Every structure is written in structure tokens, then in C-alpha cells.
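# Summary of structural features
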Amino acid sequence: MEGGIFAVDGSTFNLFEKPSSYGKTLYDRKSRYSLNCQIVVMPHNLLIINYGLDHPGSVHDAYAFQGTEMAQNPEALIPEGHWIWADNAYPTRPWCVVCVCVEHAFAALKGRFQSLQELHIRIQSPGDMTYTVHWVQCCIILHNMIIQFEEVLGEESTVEWA
């Protein structure tokens with residue numbers, strides 16, 4: 001099936017301890033404290049083109065995805081005749097085809113940046129939460145920079161294992 005230009009998936013970034021701020025909302029279905037992250041990637045190289053870090057780990061992927069720019073304004077971001085691939089956690093829309101599992105991007109991101117396996121940041125205030133979100137954003141930005149540098153230099157991808 002041609003025309004799928006992007007893929008979306010959600011995952012959590014685990015926190016190493018119960019935060020003193022936001023503790024109950026960050027408790028997820030896997031009995032961990034975590035942040036929900038939604039990413040939209042280009043499947044051929046796993047470049048992250050849109051992401052959402054606005055929700056705690058207790059929030060379902062489909063709900064968290066609604067907070068991304070891609071979900072709010074798909075007509076402006078998805079070329080005509082194309083769509084986003086998604087797994088069955090997401091609702092079917094004309095621009096969102098539910099049929100595939102797209103776990104590779106998170107495996108590559110968490111593999112490249114081991115700190116994302118479990119975030120060792122104490123969240124005791126809203127400022128700590130902001131710091132944590134910025135940490136993840138920096139990892140996403142660096143992930144994209146590495147992919148783009150590898151493509152420009154013609155080097156083999158360091159995420160082929162994902």
C-alpha cells in the first residue's frame with residue numbers, strides 16, 4: 001500500500017522514582033511512573049518530524065496524540081495523497097491508516113540515548129517537570145541531527161539494529 005509517508009507511535013519514558021509532584025497522574029498501566037511521548041517519524045530513516053510530550057504516562061496513546069501538531073493540523077503537514085501509518089491504538093482517520101506496528105523509532109531513540117531507558121531526574125516541582133521534558137526534547141533533536149549528518153556524510157545508519 002503506497003502513500004504512507006509517516007508513522008506514529010507512542011511510548012513512555014520511565015522515571016526512576018515516584019515524583020513528589022504529579023505522582024498519581026504519572027503512574028501508568030505498567031505500574032511505573034512515566035511520561036507519555038508521541039512521535040511521528042519518516043519510516044525509511046526514523047527521522048522524528050513531530051512529537052508530543054505534554055501528557056503523563058497514565059494517558060492513552062490515542063488521547064496523547066491529539067495534542068500533537070500533526071493531529072491538530074494534518075492538512076497542512078501531510079502531503080495530498082499521503083497518510084500516517086499507525087497501530088491499532090489510534091483512531092482511523094482519512095489521513096491515519098491503522099494497520100502497522102511502528103516500534104522501531106522508540107527503540108532507536110532509547111538505544112542511542114540510554115538515559116531515556118529510565119529518567120533519573122527528581123520531579124519535585126513544576127520546574128523539574130519542565131526540565132525533564134526539555135531533556136527528552138534535547139535527545140529527540142540530537143537523534144535527528146545524527147540521522148541527518150549520517151545521510152549527508154553517506155555513512156551507514158547507527159540505528160539499523162532497531
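This text follows the structure it describes.
Here's what I pulled together on the structure shown here. Predicted model, so just to flag it, every value in this text is computed and none were measured.

We now examine helix α6 (residues 126-153). For α6, built from 28 residues, the straight-helix expectation of 40 Å at 1.5 Å per residue is met to within 8% by its first-to-last C-alpha distance of 41 Å. Within α6, the full set of buried residues consists of M129, T132, V133, V136, C139, I140, H143, N144, I147 and E150. Note on α6: the residue one or two positions beyond its end, G154, has a positive phi of about 70°.

Taken as a whole and judged by the stated rule, the model has 3 salt bridges. Among the salt bridges present, the one from E17 reaches R122, with a minimum N-O distance of 2.7 Å. Taken together, the residues E17 in the loop between β1 (4-14) and α1 (23-26) and R122 in the loop between α5 (104-112) and α6 connect sequence positions 105 residues apart. A salt bridge links E150 to R112; the nearest nitrogen and oxygen atoms lie 4.0 Å apart. You can see E150 sitting in helix α6 and its partner R112 sitting in helix α5, a full 38 residues away along the chain. Look at E150 and you get buried, because its relative accessible area is 8%.

Rules used throughout
- Residues numbered from 1 in each chain as written.
- Predicted model: local features only at pLDDT ≥ 70, side-chain atom pairs only at ≥ 80, totals over all residues.
- Heavy atoms only, no water.
- Helix = DSSP H or I, 4+ residues; strand = E, 2+ residues; numbered from the N terminus.
- Expected span 1.5 Å × (residues − 1).
- Buried < 20%, exposed > 50% of the residue type's maximum accessible area, 1.4 Å probe, protein only.
- Salt bridge = Lys/Arg side-chain N within 4 Å of Asp/Glu carboxyl O.

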